[in-house]
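Here is what each chain is made of, one letter per residue.
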Amino acid sequence: MKMKSFIFAAFAFLTLLLISNTVSAALELTAVSIPSTLDHNKDTTITFTLRNTGANNETGLDWTQSTLSQGTFKQFPTLTSINTGETRSLSAVINVPKHSSGSINMALKVESDS
């Protein structure tokens with residue numbers, strides 16, 4: 001029998017954050033697909049969009065400062081730049097270990113060097 005780890009998703013499950021080196025940066029992350037429960041020890045894909053509403057292209061995007069309260073990131077987006085006015089559909093893959101329960105808090109952070 002396949003056991004499920006009942007990890008309830010609220011808006012807090014996936015907190016999409018953006019950190020940029022410039023105060024005027026206008027990158028927006030919007031959640032697209034957040035599952036309400038996860039199977040433990042199985043990869044789960046979280047999808048979202050990234051939109052650049054600023055006046056400048058953003059380059060050197062780094063996703064490695066993202067955090068997850070339980071489990072690990074298996075894959076970050078590979079996008080390293082986004083042009084002004086552009087919106088991109090992206091995903092991250094997480095894995096929650098066996099015997100996990102409760103809520104998961106995820107902060108998806110992207111830093112730009114421009």
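Preceding this paragraph is the structure being described.
I will try to describe carefully the structure that is included in this document. (Residues numbered from 1 in each chain as written. Predicted model: local features only at pLDDT ≥ 70, side-chain atom pairs only at ≥ 80, totals over all residues. Heavy atoms only, no water.)

1. Description of the side chain of Asn-95
Tracing the backbone through its elements, the reader meets Asn-95 in strand S8 (residues 87-95). In this structure Asn-95 comes out as buried when scored by relative accessible area, which is 12%. At 2.9 Å, the side chain of Asn-95 and the side chain of Asp-43 are in polar contact. (Helix = DSSP H or I, 4+ residues; strand = E, 2+ residues; numbered from the N terminus. Buried < 20%, exposed > 50% of the residue type's maximum accessible area, 1.4 Å probe, protein only. Polar contact = N/O pair within 3.5 Å; in protein donor to acceptor, adjacent residues only side chain to side chain.)

2. With respect to the pattern of salt bridges
It is possible for side chains bearing opposite charge to pair when their charged atoms get close. Tallied over the entire structure, the rule returns four salt bridges. Taking the shortest distance from any N to any O, the salt bridge between Arg-51 and Glu-28 comes out at 3.7 Å. With Arg-51 in strand S3 (residues 43-52) and Glu-28 in strand S2 (residues 27-33), this pair connects stretches of sequence that are 23 residues apart. For Glu-28, a relative accessible area of 37% gives the class partly exposed. Lys-42 is the partner of Asp-39 in a salt bridge, and the nearest nitrogen-oxygen pair spans 3.7 Å. For Lys-42, a relative accessible area of 42% translates into the label partly exposed. (Salt bridge = Lys/Arg side-chain N within 4 Å of Asp/Glu carboxyl O.)

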